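# Fold and geometry: a report
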Amino acid sequence: MPDTYATCATCPTVTKTIETPQPAIRAYLGGSFDPVHGGHIQIAMSVYNSLLPIATEQQRELQVALLPNARSPFKEQSTDPADRLAMLKLAVEDTPLQIDELELWQIPPVYSIDSVRILRQRYPDDCLIFIMGMDSARSLAKWKGGLQLTDYLHLWIFERNQSPQDTAVLKLQLPDELQQQVTESYIELLLAQPSLSNTSSHKSFSPEALKSQQQGRIYIDTRSVMTVSSTEIRQQFYKPDFESLPSAKYAVNKRNNLANWLNPKVYQYIITHQLYSVL
């Protein structure tokens, strides 16, 4: 609402317009990042590069962040959070990506549904997007509150497959309860919506109302992405015949799959700190 004021008793009233900033766009890629690899960075940067032109045109803040967890509820062990955070910081150097430590230092298990509720409370009016792989999306019905994630934000799903598949085929792989929320374009996630400030000020609100406004859409990205997993990378280090290489040689040693999967600085960190049974 414009502010009005007079510079003196006889001066005409001056109207000063204060523009309300546009809601920010915030996307989060969760995971253990144990270790972070090129596939993680590729996915996050694909989202960032897709959203940047729109955010720039609409003069909206854009943040794409990696959201490392304390330990996945589906995994027995994971590397020390301090090491995983250090590797993340090396991996995002010279990129626009950020790191959000919301889950990292919590006592496990930490569930995604609890995290997205916190994010929605923290950013009640912003466009929130949770990025995940289709392998995780297929099993959302088994997650604690997995089917309720879209009560609070949008989902951007990548199929980790070298051969692109049709969206209609992938849609049918989602839990039945979520299939009707799939949209053809990620732009649908960013459409102008009513402010949630009024509803967020109350102690309770209707998830159904939120779905019809700022939450609840699902976009399936069929672009090819790197199919490597952190498990495969750890197994490479576990091999008895593993031979560590200096960073300079590692970077050009294309016979070593790790050269295609890991940032050289992350690789050197693993060697230096003897992670994954490297001696």
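Anything mentioned here points back to the structure above.
Given the structure is predicted, the values throughout are model-derived calculations rather than measurements. (Residues numbered from 1 in each chain as written. Predicted model: local features only at pLDDT ≥ 70, side-chain atom pairs only at ≥ 80, totals over all residues. Heavy atoms only, no water.)

## Quick word on the pattern of salt bridges
Summed over all chains, the structure comprises seven salt bridges. Salt-bridge contacts for Arg26 lead to Glu61; the nearest nitrogen and oxygen are separated by 3.8 Å. Residue Arg26 is found in strand E3 (residues 25–31), and its partner Glu61 is found in the loop between helix H1 (38–57) and strand E4 (62–68); the two are separated by 35 residues along the sequence. Arg26 sits in the buried class, given a relative accessible area of 8%. On the accessibility criterion, Glu61 (41% relative accessible area) is partly exposed. (Salt bridge = Lys/Arg side-chain N within 4 Å of Asp/Glu carboxyl O. Helix = DSSP H or I, 4+ residues; strand = E, 2+ residues; numbered from the N terminus. Buried < 20%, exposed > 50% of the residue type's maximum accessible area, 1.4 Å probe, protein only.)

## What to know about helix H11 (residues 264–272)
Those residues of H11 lying buried are Val266, Tyr267, Tyr269, Ile270 and Ile271. N-cap assignment for H11: the residue whose side-chain oxygen lies 2.7 Å from the backbone N of Lys265 is Asn263. Looking at the residues trailing H11, positive phi occurs at Gln274, about 55 degrees. (Polar contact = N/O pair within 3.5 Å; in protein donor to acceptor, adjacent residues only side chain to side chain.)

## Quick notes on the packing of aromatic side chains
The tally for this structure, following the rule as stated, stands at six aromatic pairs. Judged by centre distance (5.2 Å) and plane angle (90 degrees), the rings of Trp156 and Tyr219 are edge-to-face. Separated by 63 residues along the polypeptide, Trp156 in strand E7 (residues 154–158) and Tyr219 in strand E9 (residues 218–221) bring together distant segments of the chain. With respect to burial, Trp156 and Tyr219 carry one shared label: buried. The ring of Tyr123 has Arg26 lying over it, and the distance from NZ or CZ to the ring centre is 3.8 Å. (Phe/Tyr/Trp six-rings, centres within 6.5 Å; stacked < 30°, edge-to-face > 60°. Lys NZ or Arg CZ within 6 Å of the ring centre and 35° of its normal.)

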